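So you can see what is in the structure, the chains are spelled out below.
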Amino acid sequence: MIARLSSEVVDLRPHADALADVGRRAPSLHNAQPWAFRVGLETVDVLLDRSRLLPVADPDTRQAHLGLGAAVFLLRLKLSTMDYAVRVQPWPDRDAPDLVARLTATGRRSAPDSERRLLAAVSARRTIRTPFAGQDVPVPLRVAWREDAEAEGAGLRWVEGPGERIGVAALVAAAERLQQRDPAYLAELDRWTAPERIAEGLGVPPSTFGVTGTAGHSAVFPMRDFAGGLETDRPRHVGPVEEHPVVAVLQTGGDRAEDWLRGGQALMRLLLAAAADGYAASYLNQPLELPGLRQQLRDELRLDGWPQMILRLGRPAGALPPQAPRRPVADVLLPPA
Ligand SMILES: Cc1cc2nc3c(=O)[nH]c(=O)nc-3n(C[C@H](O)[C@H](O)[C@H](O)COP(=O)(O)O)c2cc1C
């Protein structure tokens, strides 16, 4: 560790584009990217962009805050690998509820190699909805990713027992069926997969839909069908997902906005660790969007905490699918206050 002079003046403003470029790579529900960033002399603010909320799938903004938390982790990592010590203050100004977090560069320290390894994985990380190669994640990696989640104040519960796997798969399937019959849900999904949205650098493009859930052979742990059911003329990719997906639940002790923000940071840390190890994730979150089924999932797994994400993890097979788009840096960067 090389501590430099504490009197050194910090000025992050020349790095504003580079910081926003990393922050905007966070995952978000339907790739809605509900964030804006503001870079000051020694601070980076992360703000909620309310025009990008999803009232049907995410009425309480829980998932939007998970995405914001993921962006906070990426910005922490970027600042840290620029050799700054970083302090994160959630909701630093009670009169500004949409100012979700302020990161402050508090001095100098050298970043550990482990953080540089995570930063190097940012551009390869993506949600992969096509079948994974092989059917297992070695125990040392499972342990390491659980510890990553725990280091961020969250938990990772592997879904391993045969009985509980059947139970969770049934809840995912039930949620997927209910959602695919809900016109408001389908209309929202349609808006966030529409070509105009994709052209703006938002939403989930058909090239990343992967294996759809309601058709084909993937009735066990069905993934979200982004094509919106069988009656669609959108391009779709029907086929079997792996037979025994590796599934884990990310959970937090509480279920308030600060817990969601913490959960998002844990999510990002473990996704990057997985990407650095050659693994990727997609999600089976459908039951978490229906309160009754979310409670049933807690009961099924006897969770002490609150499930925030259901992850399917594995090693991508073959060429990676294209990356989901992002809004241009200029669109997510606010002028300094
Ligand atoms: C809170 C949250 C919930 C998500 N839920 C799902 C989901 O249920 N199914 C899914 O396939 N992807 C889900 N995603 C992944 C997003 O669709 C994905 O992050 C986004 O399209 C951007 O793509 P990328 O992750 O490849 O960068 C979720 C992401 C977040 C942060």
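Refer to the structure above for everything that follows.
Now for a quick tour of the structure. None of the values given here were measured: they were computed from a predicted structure.

### Quick notes on the layout of surface pockets
Move 1: When its volume is computed, the largest pocket comes out at roughly 630 Å³.
Move 2: Taken together, 32 residues line the largest pocket, and the ones lying closest to its centre are Pro27, Ser28, Thr127, Arg129 and Tyr283.
Move 3: Elements with a minimum of two residues in the lining of the largest pocket: α2 (62-81) and β8 (280-283).
Move 4: Residue contributions to the lining of the largest pocket peak at 3 residues, all from α2.
Move 5: A breakdown of the residues in the lining of the largest pocket according to their chemical character gives 14 nonpolar, 11 polar and 7 charged.
Move 6: Put simply, the second largest pocket is a space of about 330 Å³.
Move 7: For the second largest pocket, the lining is made up of 18 residues, of which Phe73, Leu77, Glu115, Leu118 and Arg269 are closest to its centre.
Move 8: Mapped by element, the contributors of at least two residues to the lining of the second largest pocket are α2, β3 (84-90), α3 (113-120), α4 (139-151) and α8 (257-276).
Move 9: Taken domain by domain, the makeup of the lining of the second largest pocket includes at least three residues from each of domain 1 (3-125) and domain 2 (139-314).

### Points about the site of the ligand
Move 1: If you check the shell around the ligand, you find 19 residues, and the closest are Arg125, Thr127, Arg129, Arg224 and Arg326.
Move 2: Ser28 is positioned such that a nitrogen or oxygen atom in its backbone is 3.4 Å from an oxygen atom of the ligand.
Move 3: Within the side chain of Arg129, one N or O atom sits 2.6 Å away from an oxygen atom of the ligand.
Move 4: Burial of the ligand by the protein amounts to 99% of the accessible area it has alone, namely 620 Å².
Move 5: In a pocket analysis with a 2 Å cut-off to the grid points, the ligand is assigned to the largest pocket.
Move 6: In terms of residue class, the shell around the ligand is built from 8 nonpolar, 6 polar and 5 charged.

Cut-offs applied
Residues numbered from 1 in each chain as written. Predicted model: local features only at pLDDT ≥ 70, side-chain atom pairs only at ≥ 80, totals over all residues. Heavy atoms only, no water. 1 Å grid on protein atoms, 1.4 Å probe; cavity = no way out; pocket = protein on both sides within 12 Å on 5 of 7 lines; lining within 4 Å. Points joined across faces, edges and corners; volume = space filled by probe spheres on them. Helix = DSSP H or I, 4+ residues; strand = E, 2+ residues; numbered from the N terminus. Nonpolar A, V, L, I, M, F, W, Y, C, P; charged D, E, K, R; others polar. Domains from an automatic or database assignment. Near = heavy atom within 4 Å. Polar contact = N/O pair within 3.5 Å; in protein donor to acceptor, adjacent residues only side chain to side chain. Areas by Shrake-Rupley, 256 points an atom, 1.4 Å probe, with all protein chains shown as cover. Sits in = over half its atoms within 2 Å of the grid points.

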